Amino acid sequence: NPHWFSDPTLINMVGTGNGFNTGVTAVGTYTYYVTDYAAGCGNSISDTAVLTINPNPLVTANTYSTTILQNTSTVLTAYNASSYVWQPGGQITASITASPTVTTTYTVTGTNQYNCSSTATVLVLVNPLGVIEFGTALQDVSIYPNPAKDAFTIEFNTTLQTPIDIYLVNMLGERVPAPTLKGGNTNSTLQGGGQGGLVKYKFQINTSTFTEGIYNVEIVTELGTVNKRVVLFR
């Protein structure tokens, strides 16, 4: 009939039975004292059991997300662990060269000296066209405020007369149309125009329903995609 105590004086009983769930989760070392109890005889001499909870590594990467052009690469680096495994790819080094052909989320699992592990993710966005090809499609692109809370504004100039789509891409690589604030309109398509002249657009994005984090803003035109980054907080 085991009785468990948290003190050597056997005053503070914290559990009974052969199995004892301590309930503690914080990193540290905990000592428990166990006796065999019999009615009329009391507790036997105690024995000790020591529980050690080791820390998980705080695995981080050199970036939350990054954008590359098609057929190029970027270096991703993880920190704060003893060994690493990257997916996709299975590389076991702290730094890897990522050359995805499509937008990809990379996950690195880091393990420390206690054999405890945690993960970090990096979103690598791939632009299908080069800067030279889409650089003249949009001019003076700006996003403010950044970081943003419930909304942010996108401004740019363009001579395009074809539709322009705006999307937000989260850390999982999921693309969602960007909703507007004015009039409750959820259509993200803007129509250019202006007789071939330069037209300025100001587009307000409602982010009140989005979770906080880093998002990639994709402005998609027929000549290519312009990517900007925005941070949302609550």
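Summarised in this report is the structure supplied together with it. (Residues numbered from 1 in each chain as written. Predicted model: local features only at pLDDT ≥ 70, side-chain atom pairs only at ≥ 80, totals over all residues. Heavy atoms only, no water.)

**Re the overall build of the protein**
Right, on to step 1. When its secondary structure is counted, the protein shows 1 helix and 20 strands.
Right, on to step 2. Counting all 234 residues of the protein, 38% fall into the buried class.
Right, on to step 3. Counted over contacts in the protein with a minimum sequence separation of 6, partners at least 24 positions apart contribute 55%.
Right, on to step 4. Total accessible area on the protein is roughly 12,800 Å²; 52% of this is exposed by carbon and sulfur atoms. (Helix = DSSP H or I, 4+ residues; strand = E, 2+ residues; numbered from the N terminus. Buried < 20%, exposed > 50% of the residue type's maximum accessible area, 1.4 Å probe, protein only. Contact = heavy atoms within 4.5 Å. Areas by Shrake-Rupley, 256 points an atom, 1.4 Å probe, with all protein chains shown as cover.)

**Notes on the environment of aspartate 47**
Right, on to step 1. Assignment of secondary structure puts aspartate 47 in strand β5 (residues 47-53).
Right, on to step 2. Placed 11 residues apart in sequence, aspartate 47 and aspartate 36 show a C-alpha to C-alpha distance of 9.5 Å.
Right, on to step 3. When sequence neighbours within four positions are dropped, the list of residues in contact with aspartate 47 reads Tyr32, Tyr33 and Val34.

**Observations regarding the sheet that holds strand β14 (residues 151-158)**
Right, on to step 1. Across the sheet, 3 strands lie side by side as β13-β14-β18; this open sheet has antiparallel pairing. Of all strands in the sheet, those with a lone pairing partner are β13 (138-144) and β18 (199-206), marking the two edges. Strand-to-strand twist in this sheet, taken as the mean axis angle between neighbours without regard to direction, amounts to 15°.
Right, on to step 2. The sheet contact formed by β14 and β18 spans 8 bridges and is antiparallel. Its bridge partner lying in β18, threonine 153 is registered against glutamine 204. (Pairing = 2+ DSSP bridges. Axes fitted to C-alpha atoms, helices over the stretch in contact; angles between N-to-C directions.)

**Notes on the environment of valine 85**
Right, on to step 1. By the element assignment, valine 85 lies in strand β9 (residues 83-87).
Right, on to step 2. Using a relative accessible area of 36% as the deciding quantity, one classes valine 85 as partly exposed.
Right, on to step 3. Distance in space between the C-alpha atoms of valine 85 and glycine 110 is 6.7 Å, their sequence separation being 25 residues.
Right, on to step 4. Setting aside residues no more than four positions away along its own chain, valine 85 makes contact with Gln91, Ile92, Thr107, Val108 and Thr109.

**A word on the nonpolar core**
Right, on to step 1. Counting residues in hydrophobic clusters, the biggest one holds 20 residues, and the most contacted among them are Phe152, Ile154, Phe156, Val217 and Ile219.
Right, on to step 2. Breaking this core down by element, the ones donating at least two residues are β13, β14, β15 (163-169), β18, β19 (213-221) and β20 (224-232).
Right, on to step 3. Apart from the residues lying within four places of it in its own chain, the contact partners of isoleucine 219 are Leu138, Val141, Ile154, Phe156, Ile164, Asp165, Ile166, Gly224, Thr225 and Val226.
Right, on to step 4. Ranked by size, the runner-up nonpolar core spans 15 residues in total, among them Leu76, Ala81, Val108 and Ala120. (Core = buried A, V, L, I, M, F, W, Y, C linked by side-chain atoms within 4.5 Å.)

**Some words on the pairing of strand β1 (residues 2-5)**
Right, on to step 1. Here β1 shows a buried face lined by Pro2 and Trp4 and a second buried face lined by His3 and Phe5.
Right, on to step 2. Across 4 bridges, β1 lies against strand β3 (residues 28-38) in antiparallel orientation. Bridge pairing in β3 links proline 2 to aspartate 36.

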